[in-house]
Amino acid sequence: WGKSSSDSFVNDMVRRLEASDGTLTSLHILSFRKLSSADFVRLARALSNNTKVQEFSASGHSLSADALASFGDALKTNRTLRSICLGDQKLGDDGLAQLEPGLVASALTILDLEFKGLQLPSAHCLSRVLHGHMHLRDLRLARNQLCDQSLHALLAGLCASSIEVLDLRGNKFGPEGARAVAQFVAAPTCRLQKLLLCDNAIGPEGAQAIAAALGPASAISELRLESSACEDAGAVALAEALARAPALRILVLNSAGLTGNGAIALARGLAAAPGIHTLRLNGNADVGDDGARAFAAPVTGLHTLDLGGCGITSAALAPLLGNATLTHLCLFGNALAPGLEAVLADEGTAVHAAQSSLVDLDLGGNKLDQSHGEAVAAWIAPPETLPALKTLSLGGNSLTSESWLAVTQNARAQRAVKMLF
């Protein structure tokens, strides 16, 4: 709902909410739309007994005390609403405290509090909400100011909850906060399936604590630790945990300070963890060719591997193509240009490419020029090269899209491959 504000639009929306218009099940009031406090009070009151809207968002709006009180009252009576996001970074601890009684009484399953200026008092508030609320499944707390103490304050509520998705990206906690999260993960009552701890300096100690909490009873299927400074020691601990965490499917360690040693440990761990289907290591510039080659051996189940920005040269390309289980391989932002023509012309590369199951290959951002483009085009033209390939990404190189179109014209004529420039 991003149209210019006017009384007629507010009146129309209030009317539809009060009438429980069946065509209105999701309402997002975009942040650039200008509504008064009185407008929000009217909308909240109209929402109170609505039986159709399941999702309501007024994110990015500075809400007055009156508006927050009205939304809190609406949450107490509305039994249909499942997801809500209110306020901006000024909401803060006081604003959340105003909503607390309504949140406890609500039927919400998703509570989105991203970028709301929340600190330690809000962690205590949310712990109380979680203690009294068994419907919540998805708690989004990214980009707040939650510290180590905040995570410990939140712990009791989390352990009493039915939370399945916990988003803590971009907060202010470190290893101690990660240990509190690990206690939740290890709790017998934990039903968590998706855990996002990105952009928190949890370090190797924090990653080790999370790894130690993973076990056969853990339901976590997606774990994201990018920009967490977990380093090789954290990666080794996670690699060792893979075998005892059968539910884990997606592991993201982008920009986490890994070197080739961390990558090698993860590759070995994957061999004992057939459930993992996606591993992302983008932005670990010291992984290098040795780390990349560790993924040359096929791993049952692994189909998506992201090694973008990992300091890889063309020498590691052929071994990676030889991993017959991979269907999606990202090599964006590496250093493939030097020696690429010789690698593509090598008979060993041809053998690997013929056995490949790749559906999607990203060679973008590698400073490929006209001669590289011609070599790639000649290599990809025969149908026996990467026979399953559907998409080849080449953007961010030193050729314009027009030049790529010219040099790949023959290849595109022979292959039903989508080439992105």
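Scroll up to find the structure this text is about.
Model, not experiment: these values are computed from the prediction. (Residues numbered from 1 in each chain as written. Predicted model: local features only at pLDDT ≥ 70, side-chain atom pairs only at ≥ 80, totals over all residues. Heavy atoms only, no water.)

Trainee: What should I look at first to understand the state of the cysteines in this one?
Mentor: By the definition in use, this model includes zero disulfides. For Cys-159, which is in no disulfide, the shortest distance to another cysteine sulfur is to Cys-190 and amounts to 7.5 Å. Residue Cys-159 is classed as partly exposed on the basis of its relative accessible area, which comes to 24%. A disulfide-free cysteine, Cys-198 has its sulfur positioned 11 Å from the sulfur of Cys-230, the nearest such atom. Relative accessible area serves as the criterion here: at 1%, Cys-198 is assigned to the buried category. (Disulfide = S-S within 2.5 Å. Buried < 20%, exposed > 50% of the residue type's maximum accessible area, 1.4 Å probe, protein only.)

Trainee: For this particular structure, what's the right way to read helix α9 (residues 231–241)?
Mentor: Counting along an α-helix, one turn takes 3.6 residues, and residues three or four places apart therefore face a common direction. Along α9, the residues classified as buried are Asp-232, Gly-234, Ala-235, Ala-237, Leu-238, Ala-239 and Ala-241. Against α8 (203–213), β8 (222–224) and α10 (260–271) lie the buried residues of α9. (Helix = DSSP H or I, 4+ residues; strand = E, 2+ residues; numbered from the N terminus. Contact = heavy atoms within 4.5 Å.)

Trainee: Help me understand the environment of Ser-26 in this model?
Mentor: The residue Ser-26 is located in strand β1 (residues 26–28) in this model. Take Ser-26: its relative accessible area is 32%, and that puts it in the partly exposed class. As a C-alpha pair, Ser-26 and Gln-89 span 63 residues in sequence and 23 Å in three-dimensional space. Within the structure, Ser-26 has its side chain in polar contact with the side chain of His-28 (distance 3.5 Å). Among the polar contacts listed, one links the side chain of Ser-26 to the side chain of Glu-55, at a separation of 3.0 Å. (Polar contact = N/O pair within 3.5 Å; in protein donor to acceptor, adjacent residues only side chain to side chain.)

Trainee: It is not clear to me how the packing of aromatic side chains should be interpreted in this structure. Could you clarify?
Mentor: Any aromatic ring pair is given by two values, namely how distant the centres are and how the planes are angled relative to each other. Under the definition given, this model contains two aromatic pairs. With a centroid separation of 5.4 Å and 45 degrees between ring planes, the pair formed by Phe-56 and Phe-71 is classed as tilted. Of the two residues, Phe-56 sits in strand β2 (residues 55–59) while Phe-71 sits in helix α3 (residues 65–77), which places them 15 residues apart along the sequence. With respect to burial, Phe-56 and Phe-71 carry one shared label: buried. Residues Trp-404 and Phe-421 carry aromatic rings whose centres are separated by 6.2 Å and whose planes lie at 10 degrees to one another, so their mutual orientation is stacked. Of this pair, Trp-404 sits in helix α16 (residues 401–407) while Phe-421 sits in the segment after β15 (418–420), and the two are 17 residues apart along the sequence. (Phe/Tyr/Trp six-rings, centres within 6.5 Å; stacked < 30°, edge-to-face > 60°.)

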